[in-house]
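Understanding the architecture of this molecule
Residue strings, one per chain:
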Amino acid sequence: MSKPRLATCSLAGCFGCHMSILDIDERILELAEVIQFHKSPITDIKTFTEHCRIGLVEGGCANEENVEVLRAFRRNCDILVSMGDCATMGGIPALRNFVEIEECLREAYVDGPSTHNPDGVIPRDIELPLLLDKVRPAHEVVRMDYFLPGCPPSADTIWAAVTALLSESPVDLPYPLVKYD
Amino acid sequence: MSEIVTFTIDGRRISAEAGQTILAAAQACGIYIPRLCHKDGLTPVGGCRVCTVRVNGRPASACTQPVAAGIVVDNDTEELRSWRRQIVEMLFVEGNHFCMFCEKSGNCELQALAYRFGITAPRYPYLWPKRDVDASHPDIILDRNRCIMCGRCERTSRDLDGKSVFGFVERGIHKTLAVNADARLADTDLDLTDQAVNACPVGAILKKRTAYRTPVGQRQFDREPIGTSVETRAKLTIDGGEPR
Ligand code: SF4
Ligand code: SF4
Ligand code: FES
């Protein structure tokens, strides 16, 4: 039997949750024995070519590309896990939800104190994904099966979740592993 | 001596003084009933409904409902746990709770209840309301993003400090915490030594220049769930040890 596959992605996140995956230290060797990393920044595989057992999603959705990737994860993974506060509640990127989007763009590209943009151009190339009106947690875009809060969730939290899922058990985090900070 | 009445909570027989609330009577016997808007020493108002129990089958808030002889109280049932979880989840989506940088994180009663209930994400959509921060006072900050409208500051200021610095304006989802100067916290007579400053269960009223002093791992609810001190007190008594 071939090993179950695991995919990961970072949407509107800071890669801190992926750092936390690496923070499982030598247990990553144990993990590599029983699973195969598929589409993930760790393997640099860009597109799904095979179905995966588990998808770990870092970050919420801030733009249309995030939505597209998240939907691809939902289609290609049996179990989808929201990893970290950005995926579960929007996180730091969601701080822009209190500011009108036009004002955000003006601050970033025109008015910011360190900005040099004499023509006042706000980038709008077709290559650039459009921003959503608000940053949304992953479960407001597709159905998510499990949630690992934390900024980032600790390596032990990620380990507990992945090992439970690989042994076909539900993820039931003990008290010390449910943390929102 | 006041009259003693007996009744049951989750099938356990309890004695209490007539006139005590169900919450206080349970607490005296080491049974923790979750609560948010109530704090020991304050007049209960029954606002948040986190303490909802069933009394002879009817839902009631344990912080306001007095005990009575022979009543049958349900506290720790799946249904009541689920209601409490839903209330806490609603409080999270109705405000703006960024625990990852909140000064109160680890010592926050709302967060601690969510931890105790094992909430990993709220099931309701986030509302992202626009709320104001009032940092005008030299020593105290009021961040309405985190206010859960529990009224503890209002009652503490009025009943214990004798000042009435806080009050509420508007209704329903538009309800918001106001200060009596109708302007800024700095224009009130709120002092750093007021008990109201310590009354807030969340990170809405904070003392300036005191944040992040306790390392992560050593904060109040990092290890022990909220309510543990109530529960251990009883265990010690049952085991014959000294109650704390
Ligand atoms: S007040 Fe409590 S729940 Fe709200 S952000 Fe701060 S720690 Fe989190
Ligand atoms: S500021 Fe704190 S104590 Fe006052 S109503 Fe809001 S949450 Fe309650
Ligand atoms: S604690 Fe009883 S209603 Fe809030």
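So, how was this worked out
Residues numbered from 1 in each chain as written. Chains lettered and ligands numbered in written order. Predicted model: local features only at pLDDT ≥ 70, side-chain atom pairs only at ≥ 80, totals over all residues. Heavy atoms only, no water. Salt bridge = Lys/Arg side-chain N within 4 Å of Asp/Glu carboxyl O. Helix = DSSP H or I, 4+ residues; strand = E, 2+ residues; numbered from the N terminus. Buried < 20%, exposed > 50% of the residue type's maximum accessible area, 1.4 Å probe, protein only. Pairing = 2+ DSSP bridges. Contact = heavy atoms within 4.5 Å. Axes fitted to C-alpha atoms, helices over the stretch in contact; angles between N-to-C directions. Domains from an automatic or database assignment. Buried area = accessible area lost by both parts, 1.4 Å probe. Polar contact = N/O pair within 3.5 Å; in protein donor to acceptor, adjacent residues only side chain to side chain. Nonpolar A, V, L, I, M, F, W, Y, C, P; charged D, E, K, R; others polar. Expected span 1.5 Å × (residues − 1).

This next bit is on the pattern of salt bridges. Opposite charge on two side chains makes pairing possible when the charged atoms of those side chains draw close. This structure, assessed with the given rule, holds 26 salt bridges over all chains. Of the charged contacts in the structure, one is a salt bridge between Arg53 of chain A and Glu168 of chain A, with a shortest N-O distance of 3.4 Å. Placement of the pair is Arg53 of chain A in strand β3 (residues 52-58) and Glu168 of chain A in the segment after α6 (155-166), with a sequence separation of 115 residues. For Arg53 of chain A, a relative accessible area of 21% corresponds to the partly exposed category. One salt bridge connects Asp159 of chain B with Arg158 of chain B, and the closest N-O pair in it is separated by 2.8 Å. Taking relative accessible area as the criterion, Arg158 of chain B reaches 41% and is therefore assigned partly exposed. Through salt bridges that share partners, Asp76, Glu78, Arg81 and Arg85 of chain B make up one connected network.

Turning next to the sheet that holds β3 of chain A. Residues and elements named next belong to chain A. Across the sheet, which stays open at both edges, the 5 strands sit in the order β2-β1-β3-β5-β7 with parallel pairing between neighbours. At either margin of the open sheet sits one strand with a lone partner, and together these are β2 (36-37) and β7 (146-148). Pairing of β3 with strand β5 (residues 77-83), which is carried by 6 bridges, proceeds in the parallel orientation. Its bridge partner being in β5, Gly55 is matched across the sheet by Leu80. Along the sheet, helix α3 (residues 64-76) makes contact with β1 (5-10), β3 and β5, crossing β5 at roughly 135°.

This next bit is on the domain arrangement of chain B. Residues and elements named next belong to chain B. The domain boundaries assigned to chain B delineate domain 1 (4-76) and domain 2 (83-212). The distance between the C-alpha centroids of domain 1 and domain 2 comes to 25 Å. In this assembly, 22 residues from domain 1 lie in contact with 19 residues from domain 2. Roughly 1500 Å² of surface becomes buried between domain 1 and domain 2 when both sides are summed, with 63% attributable to carbon and sulfur atoms. Among the residues of domain 1 in contact with domain 2, Leu36, Leu42 and Val50 are the three that bury the most area, contributing 39% of the side total. In this assembly, domain 1 and domain 2 are joined by 6 residue pairs in polar contact (both at pLDDT 80 or more). The leading source of residues in the side of domain 1 that touches domain 2 is strand β3 (residues 52-55), at 3 residues.

On to the interface of chain A and chain B, then. Between chain A and chain B, the residue contacts involve 24 residues of the former and 30 residues of the latter. Taking both sides of the interface into account, the surface hidden between chain A and chain B amounts to around 2200 Å²; carbon and sulfur atoms contribute 66%. There are 2 salt bridges connecting chain A and chain B. A salt bridge links Lys130 of chain B to Glu100 of chain A, with the nearest nitrogen and oxygen atoms 3.7 Å apart. The interface formed by chain A and chain B holds 8 residue pairs in polar contact (both at pLDDT 80 or more) in total. Within the residue set of the side of chain A that touches chain B, elements represented by two or more residues are α4 (85-89) and β6 (131-136) of chain A. The element contributing the most residues to the side of chain A that touches chain B is α4 of chain A, with 3 residues. Within the side of chain A that touches chain B, the residues separate by chemical class into 14 nonpolar, 4 polar and 6 charged.

All right, on to α6 of chain A then. Residues spaced three or four apart along an α-helix point in a common direction, a consequence of the helix completing one turn every 3.6 residues. All names here are of chain A. The terminal C-alpha atoms of α6 lie 16 Å apart, and with 12 residues this matches the ideal 16 Å at 1.5 Å per residue to within 8%. Residues of α6 that are buried include every one of Ala155, Thr157, Ile158, Trp159, Ala161, Val162, Ala164 and Leu165, and no others. Residues of α6 that are buried make contact with α1 (16-22), α2 (27-34), β3, β5 and β7. Two residues or fewer past α6, Glu168 is found with a positive phi of approximately 60°.

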